Amino acid sequence: MNLTEESWELLRAYDMDDSLVSAWCKGLTVEEAATRLRADLASATPCTWERIEDGLDPTSPREGVVWIGAQAPGWVLIIAFEGDHLALPEPQQALTANGGELLYLGWPLYEIEGPQDLEYVVDGQPQTSVCLVAPDVRAGREPDALNAHMEGLALGAGNDSDTISDAAFALIGRVTGEPLSADWLRAEHTRYVIPMGAWNA
């Protein structure tokens, strides 16, 4: 297993085992990632995930709320509290412009229950999208781009959703060089608000 029991306990406590919208971005600072997501930089608020709602006005219109922190050497992790921008092509292109890399992991996707696709984007171009419950099903310019990192991972419909999710995190940890830890999940990172209309222009 990739994640420790403590990490899984936190994911469950934070409801991230049921619903997750996340992206690892290479070569960006926390503020650069927020800028490319068109977040309001003045909204930057250090907080833990446990307290991510503190101070948010529930009546204030907004497109999204994201939590961003450095997670592995050269990589920042963005987790969406509100909004699905990380799953959409235009924000993914913005986050990877000028040679950047992005790994997207999210579930459930629309009507799909449980883990579905892991996407790898380089310089605005989707390289591969791996169906986690059927890992031989691929899409993108280089469908086999992540093969070197997939050996021995328990992907596929013969595994339960927790096992597949764990394998997805393991795959990302192999690419970034550092697995997601309980310490990171428990730590303080920066919350940003994406204003209403930010992606309508």
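Here is what the cut-offs are and how they apply
Residues numbered from 1 in each chain as written. Predicted model: local features only at pLDDT ≥ 70, side-chain atom pairs only at ≥ 80, totals over all residues. Heavy atoms only, no water. Core = buried A, V, L, I, M, F, W, Y, C linked by side-chain atoms within 4.5 Å. Buried < 20%, exposed > 50% of the residue type's maximum accessible area, 1.4 Å probe, protein only. Helix = DSSP H or I, 4+ residues; strand = E, 2+ residues; numbered from the N terminus. Contact = heavy atoms within 4.5 Å. Pairing = 2+ DSSP bridges. Axes fitted to C-alpha atoms, helices over the stretch in contact; angles between N-to-C directions. Salt bridge = Lys/Arg side-chain N within 4 Å of Asp/Glu carboxyl O. Arc of directions from axis to C-beta.

Trainee: Any details on the nonpolar core? Residues and values, ideally.
Mentor: Judged by nonpolar contacts, the single largest core of 39 residues is most densely connected at Leu-103, Leu-105, Leu-118 and Phe-169. Going through the elements one at a time, helix H1 (5-13), strand S1 (20-26), strand S3 (62-72), strand S4 (75-82), strand S5 (101-107), strand S6 (117-122), helix H4 (161-176) and helix H5 (182-186) are the ones with two or more residues in this core. A total of eight residues in this core trace back to one element, the largest contributor, which is H4. Excluding its chain neighbours within four sequence positions, the residues that come into contact with Leu-105 are Leu-20, Val-21, Ser-22, Trp-24, Asp-117, Leu-118, Leu-132, Ala-168, Phe-169 and Ile-172. Of all hydrophobic cores here, the second largest spans 22 residues; its members include Ala-23, Ala-39, Val-66 and Val-76.

Trainee: Describe the sheet that holds S6, listing the residues and the values that go with them.
Mentor: A sheet is described by the order of its strands in space; here nine strands give the open sequence S2-S9-S3-S4-S1-S5-S6-S7-S8, paired in antiparallel fashion. Each edge of the sheet is formed by a strand with only one pairing partner; in this case those strands are strand S2 (40-47) and strand S8 (138-139). Bridge count for S3 against S4 is seven bridges, and the pairing is antiparallel. Following the sheet pairing, Ala-70 is matched in S4 by Val-76. Helix H3 (residues 89-96) rests against S1, S4, S5 and S6 of the sheet, and its axis sits at about 145 degrees to S5. Its contacts with the sheet place H4 against S1, S3, S4, S5 and S6, and it is angled at close to 170 degrees to S5.

Trainee: Give a description of the pattern of salt bridges that names residues and reports values.
Mentor: Taken as a whole and assessed by the stated rule, the structure comprises nine salt bridges. The closest approach of N and O atoms between Arg-12 and Asp-162, which form a salt bridge, is 2.5 Å. With a gap of 150 residues between them, Arg-12 in helix H1 and Asp-162 in helix H4 connect regions that are remote in the sequence. Its relative accessible area of 28% is what places Asp-162 among the partly exposed residues. Between Arg-62 and Glu-82 there is a salt bridge; the shortest N-O distance is 2.8 Å. Pair noted here: Arg-62 is in strand S3 and Glu-82 is in strand S4, with a separation of 20 residues, a long-range link.

Trainee: Tell me about H1, residues and numbers included.
Mentor: Listing the buried residues of H1 in full gives Ser-7, Trp-8, Leu-10 and Leu-11. One face of H1 carries all of its buried residues, which in axial projection span an arc of 160 degrees. Opposite the packed face of H1, turned more than 90 degrees from it, sit the exposed residues Glu-5 and Ala-13. At its buried positions, H1 is contacted by H4 and H5. Positive phi shows up at Asp-15, right after H1, with a value of about 65 degrees.

Trainee: Go over the environment of Asp-17 with me, naming the residues and quoting the values.
Mentor: Within the fold, Asp-17 resides in the loop between H1 and S1. Judged by its relative accessible area of 22%, Asp-17 falls in the partly exposed class. Residues Asp-17 and Glu-6, spaced eleven residues apart in sequence, show a C-alpha to C-alpha distance of 13 Å. Not counting residues up to four positions away in its chain, the partners in contact with Asp-17 are Trp-8, Leu-11, Arg-12 and Trp-107.

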